[in-house]
Protein chains: 2
Amino acid sequence: MQPICRPLKAGKTEISIMDSYLSKHNIVSNATPLFLHQEPADAIYAVCAGCFKLTEQSAENNEKVIGFRFPGELIGEDAIHNQHYQYNAVAVGHTSVCKIDLKELNECGKLMPELQLNLITLLSKQNAMLREEFSSVVAKHTAESLLAAFMLNLFKRNSRYQESGTKLYLPVGRDAIANHLGFRRETLSRIFSKFQQKGLLSIQAKNIEILDLAKLEHIAYS
Amino acid sequence: MQPICRPLKAGKTEISIMDSYLSKHNIVSNATPLFLHQEPADAIYAVCAGCFKLTEQSAENNEKVIGFRFPGELIGEDAIHNQHYQYNAVAVGHTSVCKIDLKELNECGKLMPELQLNLITLLSKQNAMLREEFSSVVAKHTAESLLAAFMLNLFKRNSRYQESGTKLYLPVGRDAIANHLGFRRETLSRIFSKFQQKGLLSIQAKNIEILDLAKLEHIAYS
DNA sequence: CGCAATTTTGACGTAGTTCAACACGTGTGG
DNA sequence: CCACACGTGTTGAACTACGTCAAAATTGCG
């Protein structure tokens, strides 16, 4: 079994509280689905370590990557009001999640209001994350600014729970990133190369380091 | 005072419950900010009627429209865990909102767990809305597919609380839409014209009607 | 080590955005 | 009534960013 990368920082986060009251950690191996589209939605998951990829099946039966989830973030949170999951969630590399069973949560929640407050905070944070993610990709006309904004978003999300705000291990393949951003693998590769030549990023396989935050921001918001 | 358009459908929605327990409706006039970036965050708002535009101030001091909010949706929900609002929220046309005061909510919430459950459902729905909005605009390489997906998303969001799923009154100006989607007003105009010529949409000023859903979907997901 | 999968680079053509300039309708105020 | 500003829609011409095809380079895994 490979080691799991990028664990959640120690500390009394909402997730660790949920975890201690409700459930045990689950280990999910590479490429294993956490859940699939249309499956009955009976649990919310909080990522503790590793990375998940969310996908949709589009009309022509080609997969569309609609997002990635990192430690501290929720997956399947619309299970609270939906009967079925709306997308697929698949582990990228080996991961660890905290499974929040909805039945259990409902029962415990009635007795422990602080558990509900906890969930409210988690949902609020997830909301903020989604809004930020959205505003980082919307209204970007060039692939360069889109990729720059995407990278900045990734680093910001990782720095909350990760020791370094400038280093990032992204277990995702190039195709998945390109798919997610809506361009071809070649284009992605080219821009990565360009960013390296300019000294903005340092990339070795799946390890990425930010070298020039200011310039990257300038490209993103241009 | 102008009439307020597109009110929330009658019925026991989560928002009407919040409203009856916590607060009174607030009327917000056209172009009036609900709150601004950096202001202390002391309340969540739920839109009851009308439309709000969310904006960010980018580096070069030009406004970027990061989203629109319609009846049944939340604004400022990250106030739960943030000290300050992260963006501007401005009324487009005359609107009506339900203000959920956080202090009040905290006090009432301790006594009434059902109020907390209510909020949890609201947040979960908002989460789902954000994720759907995101996946509708991400990975669109042509302006046509982006606009088609944006329109479909608008209609879907409005049909939940609106009588007609095919008609939409969008009080927002062309520039705001173009800004939000990241292209020029000309491009927007061209595509709107094209969609009308093809018989996909009928547009009269700010009234939009879907004529051919299937073809629109095909363009969006191509 | 060797094969397969993934990633990078190059050259080229084109679709589609952008820029610029104008036309039209409407509201406003002198 | 006309002059003006403003929002919106239209059109043409130029450019460039991205997709496509093809091949080389690198990585990963048994």
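Residues numbered from 1 in each chain as written. Chains lettered and ligands numbered in written order. Predicted model: local features only at pLDDT ≥ 70, side-chain atom pairs only at ≥ 80, totals over all residues. Heavy atoms only, no water.

As annotated in an unreviewed UniProt entry, chain A carries the name CRP/FNR family transcriptional regulator, anaerobic regulatory protein and comes from Colwellia chukchiensis.

**Some details on the nonpolar core**
Stated formally: By nonpolar core is meant a set of buried Ala, Val, Leu, Ile, Met, Phe, Trp, Tyr and Cys residues that side-chain atoms within 4.5 Å join together. For every residue, the accessible area obtained with a 1.4 Å probe (protein chains only) is divided by the maximum for its type, and the residue is called buried under 20%, exposed over 50%, and partly exposed between those limits. Here a residue-residue contact requires only that any non-hydrogen atoms of the pair lie within 4.5 Å.
Counting residues in each nonpolar core, the largest one holds 76 residues, and the members touching the most others are Leu147(A), Met151(A), Phe195(A), Leu201(A), Leu147(B), Phe195(B) and Leu201(B). In this view, Leu201(A) contacts Met151(A), Phe192(A), Phe195(A), Gln196(A), Ile208(A), Glu209(A), Ile210(A), Leu211(A) and Leu216(A); residues no more than four positions away in its chain are not counted. Listed in part, the 70 residues of the second largest apolar core include Ala46(A), Ala79(A), Leu54(B) and Val97(B).

**Notes on the relation of the copies chain A and chain B**
Defined as follows: Least squares is used to superpose the copies, and the fit set is the C-alpha atoms of residues whose pLDDT is at least 70 in both copies.
By a simple turn and slide, chain A fits onto chain B: the slide is 0.0 Å along the axis, the RMSD is 0.1 Å, and the turn is 180°. Those values place the two copies in the arrangement expected of a two-fold rotation axis.

**Examining the protein's contact with DNA strand D**
Selection rule: By convention in this text, a residue qualifies as near a molecule or strand provided that one of its non-hydrogen atoms is within 4 Å of it. For this analysis, a polar contact is any N or O atom pair within 3.5 Å, provided that within protein one partner can donate a hydrogen and the other can accept it, and provided that sequence-adjacent residues contribute only side-chain to side-chain pairs. Runs of E in the DSSP output that reach at least two residues are strands. Runs of H or I that reach at least four are helices, and both are numbered from the N terminus.
Taken together, 14 residues sit near DNA strand D, with Ala143(A), Thr187(A), Arg174(B), Arg190(B) and Ser193(B) positioned nearest. If you look at DNA strand D and keep only atoms within 4 Å of the protein, 59% of those are sugar or phosphate atoms. Glu186(A) is positioned such that a nitrogen or oxygen atom in its side chain is 3.5 Å from a base nitrogen of DNA strand D. Secondary-structure elements contributing two or more residues to the surface near DNA strand D are helix 6 (185-197) of chain A together with helix 6 (185-197) of chain B.

**Points about the sheet that holds strand 7 (residues 167-169) of chain A**
Backbone hydrogen bonds are what pair the strands of a sheet, in a parallel or an antiparallel way. All names here are of chain A. Put simply, the test is: Pairing between two strands is assigned when DSSP locates at least 2 bridges connecting them. Structural elements are reduced to axes, namely lines fitted to C-alpha atoms, with helices fitted over the stretch in contact, and the angle between N-to-C directions of any two is expressed from 0 to 180 degrees.
Taken together, the 3 strands give an open sheet; going across it, the order is 7-9-8, and neighbouring strands pair in antiparallel fashion. Looking at strand neighbours, the two that pair on one side only are strand 7 and strand 8 (201-204), the edges of this open sheet. Across this sheet, the average inter-strand angle for adjacent strands is 15°, counted without regard to direction. When strand 7 meets strand 9 (residues 207-210), the two strands line up antiparallel, connected through 3 bridges. Residue pairing in the sheet places Lys167 in a bridge with Glu209 of strand 9.

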